[in-house]
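# Fold and contact review
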Protein chains: 2
Amino acid sequence: MNMDWALVQSFLAVAETGSLSAAARLLGASQPTLGRQVKALEDALGVELFHRQPKGLILTDVGAALMPAAQAMRQAAGQIALTAAGRSEELRGVVRLTASVFVAHHILPPVMAQIMDRHPEIELELVPSDTSENLLFREADIALRMYRPTQLDVVTKHLGDAKLGVFAAESYLARHPAPQTPEDMLKHRLIGYDRDEDIIHGFAQFGLTLDKHAFAIRCDQNTVYWELVRAGCGIGFGQLRIGLHDPAVRQVLSEMDLPVLPVWLTAHESMRQTPRIRRVWDMLAEGMAAHLP
Amino acid sequence: MNMDWALVQSFLAVAETGSLSAAARLLGASQPTLGRQVKALEDALGVELFHRQPKGLILTDVGAALMPAAQAMRQAAGQIALTAAGRSEELRGVVRLTASVFVAHHILPPVMAQIMDRHPEIELELVPSDTSENLLFREADIALRMYRPTQLDVVTKHLGDAKLGVFAAESYLARHPAPQTPEDMLKHRLIGYDRDEDIIHGFAQFGLTLDKHAFAIRCDQNTVYWELVRAGCGIGFGQLRIGLHDPAVRQVLSEMDLPVLPVWLTAHESMRQTPRIRRVWDMLAEGMAAHLP
DNA sequence: GCTGTGCTATTCATAAATGTATGGCAAACC
DNA sequence: GGTTTGCCATACATTTATGAATAGCACAGC
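Rules used throughout
- Residues numbered from 1 in each chain as written.
- Chains lettered and ligands numbered in written order.
- Predicted model: local features only at pLDDT ≥ 70, side-chain atom pairs only at ≥ 80, totals over all residues.
- Helix = DSSP H or I, 4+ residues; strand = E, 2+ residues; numbered from the N terminus.
- Rg over C-alpha atoms; globule rule 2.2 N^0.38 Å.
- Buried ≥ 20, exposed ≤ 12 C-beta atoms within 10 Å, placed from the backbone.
- Contact = placed C-beta atoms within 7 Å.
- Least-squares fit on C-alpha atoms with pLDDT ≥ 70 in both.
- Nonpolar A, V, L, I, M, F, W, Y, C, P; charged D, E, K, R; others polar.
- Near = placed C-beta within 6 Å.
- Core = buried A, V, L, I, M, F, W, Y, C linked by C-beta atoms within 7 Å.
- Domains from an automatic or database assignment.
- Axes fitted to C-alpha atoms, helices over the stretch in contact; angles between N-to-C directions.
- Parallel < 35°, antiparallel > 145°, perpendicular 65-115°, else oblique.
- Arc of directions from axis to C-beta.

## Re the overall build of chain A
Along chain A, the regular secondary structure elements total twelve helices and eleven strands. The C-alpha radius of gyration computed for chain A amounts to 24 Å, which surpasses the reference 19 Å derived for 293 residues by more than 25%, pointing to a less compact arrangement than a globule. Principal-axis analysis of the C-alpha atoms gives chain A an extent of 80 × 45 × 30 Å. By residue count, 34% of the 293 residues in chain A fall in the buried class. For chain A, restricting intrachain contacts to residue pairs at least 6 apart in sequence, the fraction spanning at least 24 positions comes to 73%.

## What to know about the relation of the copies chain A and chain B
Overlaying chain A with chain B gives an RMSD of 0.1 Å, the required rotation being 180° about an axis along which the chain moves by 0.0 Å. What the rotation and shift describe, once combined, is the action of a two-fold rotation axis. When the interface residues of chain A are mapped onto chain B, 100% of them are again interface residues, pointing to one common binding face.

## Remarks on the interface of chain A and chain B
Taken together, the contacts link 32 residues of chain A with 32 residues of chain B. Broken down by secondary-structure element, the contributors of at least two residues to the side of chain A that touches chain B are helix H1 (5-17), helix H4 (61-65) and helix H5 (67-87) of chain A. Among the elements that take part in the side of chain A that touches chain B, H5(A) stands out by supplying twelve residues, more than any other. For the side of chain A that touches chain B, the per-class residue count stands at 20 nonpolar, eight polar and four charged.

## Side note on unusual backbone geometry
Within the chain, A:Leu253 stands out as a residue other than glycine whose phi angle is a positive 50°. Within the secondary structure, A:Leu253 is located in the loop between strand E10 (249-252) and strand E11 (260-268).

## Considering the protein's contact with DNA strand D
Taken together, 19 residues surround DNA strand D, and among them A:Ser19, A:Leu20, A:Pro32, B:Ser30 and B:Thr33 come closest. Elements represented by at least two residues in the surface near DNA strand D include exactly helix H2 (20-27), helix H3 (31-45) and strand E2 (56-59) of chain A together with helix H3 (31-45) of chain B. Examining the composition of the surface near DNA strand D, we find that four residues originate from one element, H3(B), more than from any other. Residue composition of the surface near DNA strand D, by class: eight nonpolar, eight polar and three charged.

## Concerning the nonpolar core
Counting 112 residues, the largest nonpolar core has A:Met73, A:Ile142, B:Val8, B:Met73 and B:Ile142 as its most contacted members. Residues in contact with A:Ile142, not counting those within four places in the same chain, are A:Val95, A:Leu97, A:Leu265, A:Thr266, A:Ala267, A:Ile277, A:Val280, A:Trp281 and A:Leu284. Among the nonpolar cores identified, the runner-up in size contains 18 residues, and B:Met185, B:Ile199, B:Val229 and B:Cys233 belong to it.

## As for the protein's contact with DNA strand C
Residues in close proximity to DNA strand C total 19 residues, the closest being A:Ser30, A:Thr33, A:Pro54, B:Ser19 and B:Pro32. Secondary-structure elements contributing two or more residues to the surface near DNA strand C are H3 of chain A together with helix H2 (20-27), H3 and strand E2 (56-59) of chain B. The element best represented in the surface near DNA strand C is H3(A), accounting for four residues. Considering only residue class, the surface near DNA strand C consists of eight nonpolar, eight polar and three charged.

## Concerning the domain arrangement of chain A
We note that the domain assignment places domain 1 (5-65) and domain 2 (91-293) within chain A. On a C-alpha basis, the centroid separation for the pair domain 1 of chain A and domain 2 of chain A is 40 Å.

## Focus: the environment of B:Gly243
Residues and elements named next belong to chain B. If you trace the backbone, Gly 243 turns up in helix H10 (residues 240-244). On a C-alpha basis, the gap between Gly 243 and Trp 226 in space is 9.3 Å, while along the polypeptide they are 17 residues apart. Apart from residues lying up to four places away in sequence, Gly 243 is in contact with Gly 165, Phe 167, Gly 238, Val 249 and Gln 251.

## A closer look at the packing of H2(A) against H3(A)
Residue and element names in this part refer to chain A. Packing of H2 against H3 brings their axes to within 8 Å, and their N-to-C directions diverge by 105°. Compared by their axis directions, H2 and H3 come out roughly perpendicular. Residues Leu 20, Ser 21, Ala 23 and Ala 24 of H2 pack against Gln 31, Thr 33, Leu 34 and Gly 35 of H3.

## Here's the deal with helix H10 (residues 222-230) of chain A
Residues and elements named next belong to chain A. Residues of H10 that are buried include every one of Asn 222, Tyr 225, Trp 226, Val 229 and Arg 230, and no others. Buried residues along H10 cover an arc of 140° about the axis, so they all sit on one side. Against helix H6 (101-106), strand E6 (154-169), strand E7 (191-192), strand E9 (235-239) and E10 lie the buried residues of H10. One or two residues past the end of H10 sits Gly 232, with phi positive at roughly 90°.

Shown next, in the form of structure tokens:
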């Protein structure tokens, strides 16, 4: 009884996405192929795994009962990939790096260029993402994050803390006198976050209570948030280093004591000693040092 | 990173058999295919999994490091097959039965015929084997054994005990007076086992000490053992019911109190409620009842 | 030493798997 | 109601994987 394990891989993708088309996109195959593979597995096992509907496929009870074992196979497959990659002695190969969209946009490109210049044999993949990537499945090899990592089985390095600052565009300040105290800010158009409450908590530390409606404009996506500041929508917060290097904005309330953002590097422990990962890790640490005071 | 899981299946077969040819036979594929699949996995992972030699393939350190995870995948795949099969409502399908070579030869054929007559939609596979088959990987669905099962996660049924008897061929007894006491046997040609010590232990219970050199001829394979008895090589032991129905032999020392062989049916608990397994199980119990007093 | 056996590696023909294109259905949107 | 979008199912052409055959090597047995 030698069921083809690759069919389980397809089954799992369809079960989790709920459609042949989405699973095909995920696996880099085509929709008819996924349909055929699922059917082949159903034939091999002699059971119906999905109810087929116009909007996709729904797991049957039997299909659902197979999920834990299918997920266990994926876990083990991930372990194989990780173990092999961790034992590779080659400098040549892919390194996949994840960081927030903001960091990937504003900070990493020159660091990437440095790595590429020095190591053309390393293929870099940069994954801007504001959600965590799972290092076990090699969704990323190295994560650069502004919070302390929580995933198990990882090695971490605290690179330092990024300072924040209050900024407004020169175009905005040409029409509004710069605020001189934290309270002054309340008379200005504030740029804030929608669901994220970090700024609200920051004001609370200065004895100022406000809710998100105090913000004249709100955006949780950090790169767009910074463009709103640069465009003169109002007063906003950003990384000190970036703001000081941006000719479109000026820091205000520079003596205001703001929280800092910790900067951490993370890699799966199996991978940490892989030569190319180690090289990229070291150069990231070096490149970020220039960015952190 | 979507490594093809089927390649791991091939890797595992090659690692455990030590050769492409043997793995190909095991998986029902061809040797060049296995060679290519192993190479494809090596290319995908970027590591060398085997040292290739004229006599086969030897795992590298990296290859060996992947074994636990590969075995975990097989365990999970087995669970999938088992869970699906256990949920199948079809009476139609394969049922795989294992029993010792002796039982498969002398006892089961008429029972098989009965099952086939009554259930032509069930495909029977009979696996004569003196070693245990693993029910988890569906090497067998039902085991009929003359010892109490030890595998976990199985359901068992004790069908009864098979009595033993002492027998000699009519052709042998035509030339040698039948023994009247257990001690008389020592003056006869005894047919015994080579490595198996059951008969030696049986004699010890009658206060008679002997070793395997007391046997004029020794054979551990039970069907051949019985043919030696039938051919007149000497005095031997066998199942009472079979001996009494065999015109070529006669029971001697019928009042001798011999051990019995317990007869057990075993199936994996996941499979036990599958309709066709349940049917075959019931008919086996019924068919064996006619054989056990 | 020769033959037979068992192994891996390679080539070529064949079979199987896959992708592209299309049709039909259902739901959402204008 | 008509159009668009997204889905699965199917047919046909293309690509990929596989098996049969062969060569070369190492080892064991006669």
